[in-house]
Amino acid sequence: MTSFFSRMAVRVRPCGLLAAVCLLAFAVFPAHAVHAEQGAAPAEQAGVAEDGLANVWPAGARFPDIPLASPSPETGWGGGPDVAMPAPVAGEPLPDRLSGLRGQVFIVNMYSWFCAPCQEEAPALRALYARISSAGSGSSGSLAGRVRIVGIAAGDGWNLVQSFRQRHGLVFPLFADPELTVHEQLGGLPVPFTWVLRREADGFRVLFTHAGALAGTPAEFLDRVLAAAGPLP
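Calculation criteria
Residues numbered from 1 in each chain as written. Predicted model: local features only at pLDDT ≥ 70, side-chain atom pairs only at ≥ 80, totals over all residues. Heavy atoms only, no water. Axes fitted to C-alpha atoms, helices over the stretch in contact; angles between N-to-C directions. Helix = DSSP H or I, 4+ residues; strand = E, 2+ residues; numbered from the N terminus. Parallel < 35°, antiparallel > 145°, perpendicular 65-115°, else oblique. Left-handed = near helix turned anticlockwise from the far one by under 90°. Contact = heavy atoms within 4.5 Å. Nonpolar A, V, L, I, M, F, W, Y, C, P; charged D, E, K, R; others polar. Buried < 20%, exposed > 50% of the residue type's maximum accessible area, 1.4 Å probe, protein only. Pairing = 2+ DSSP bridges. Salt bridge = Lys/Arg side-chain N within 4 Å of Asp/Glu carboxyl O. Polar contact = N/O pair within 3.5 Å; in protein donor to acceptor, adjacent residues only side chain to side chain.

## Some details on the packing of helix α2 (residues 116-134) against helix α3 (residues 158-168)
Alright, step 1. Axis separation between α2 and α3 bottoms out at 10 Å; the angle between their running directions is 60°. The angle between the axes of α2 and α3 places the two elements in the oblique class. Seen from above, α2 lies across α3 with right-handed handedness. In this structure, α2 contributes Cys118, Gln119, Ala122, Pro123 and Arg126 to the contact, and α3 contributes Phe164, Arg167 and His168.
Alright, step 2. Among the residues making up the contact of α2 with α3, the classes are represented as four nonpolar, two polar and two charged.

Structure representation (structure tokens):
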């Protein structure tokens, strides 16, 4: 499975080698309504030590206001905005950038359908979202809407975003990155890779990152996020 994950600098159209790769991937991770529209696939990583790739984004680094594409017939999916935002905050418009999402702390997870560790990690992300949705924060109330999970599908079109969502029962925002634009903007790192950010007056700052699939329990990871973030308004 891992042998086909080359560096994403090589752009491969949906034919030839990629078609063969897709057939192999579908044999392992079957999906319905999947079309071969991917332009490339990022490298995957089964696990990286905390002092490895995670340090390429040190704590305190400024994080860009990454674009978040909306689904549409032109982008390969006509299923409507619920594909990207199935459970938006009341009154929240569909964002075109990360700054358009409400919240103080963001857990940005870069994944790909064709990445086995990403598939294995998805249930932990689902549990983490459930934990955030049900957790309180002292007298200030629930964390929901203040701590947000955002998934970016590196190399995947909207059909694969929807398939990944349905396969794993995910209800937090997922966004397609079929041309690897955001993936490359963030350094082209192997997936899965997770950034934990805090919104500040001048943009977003990195609290910490995690290379590879999330480790430990969702409760432990959330505790780490909250400890790094400090008091939330």
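So, next bit.
## Some thoughts on the pairing of strand β2 (residues 105-111)
Alright, step 1. Here β2 lies mainly inside the structure; seven of its seven residues are buried.
Alright, step 2. With six bridges joining them, β2 and strand β5 (residues 193-200) adopt antiparallel strand pairing. Each residue of the ladder has a partner; that of Phe106, found in β5, is Leu197.

## Regarding the packing of α2 against helix α5 (residues 218-229)
Alright, step 1. Running from N to C, α2 and α5 cross one another at 60°; their axes reach a closest spacing of 9 Å. With respect to α5, the element α2 is oriented oblique. Considering only the axes of α2 and α5, their crossing is right-handed. Every residue of α5 that contacts α2 at Ala124, Ala127, Leu128, Arg131 and Ile132 is listed here: Pro218, Ala219, Phe221 and Leu222.
Alright, step 2. For the contact of α2 with α5, the class distribution of residues is eight nonpolar, no polar and one charged.

## Considering the pattern of salt bridges
Alright, step 1. Tallied over the entire structure, the rule returns two salt bridges.
Alright, step 2. With a shortest N-O distance of 3.9 Å, Glu200 and Arg205 are connected by a salt bridge.
Alright, step 3. On the basis of relative accessibility, which here comes to 39%, the residue Glu200 falls in the partly exposed class.
Alright, step 4. In this structure, Arg205 and Asp202 form a salt bridge, with 2.7 Å as the shortest nitrogen-oxygen distance.
Alright, step 5. Via salt bridges that share partners, Glu200, Asp202 and Arg205 belong to a single interconnected network.

## Examining the environment of His168
Alright, step 1. Relative to the helices and strands, His168 is located in helix α3.
Alright, step 2. Separated by 46 residues in the primary sequence, His168 and Ala122 place their C-alpha atoms 6.4 Å from one another.
Alright, step 3. Once you skip the residues sitting within four places of it in the chain, His168 turns out to touch Gln119, Ala122, Pro123 and Arg126.
Alright, step 4. In this structure the side chain of His168 is engaged in a polar contact, spanning 2.7 Å, whose partner is the side chain of Gln119.

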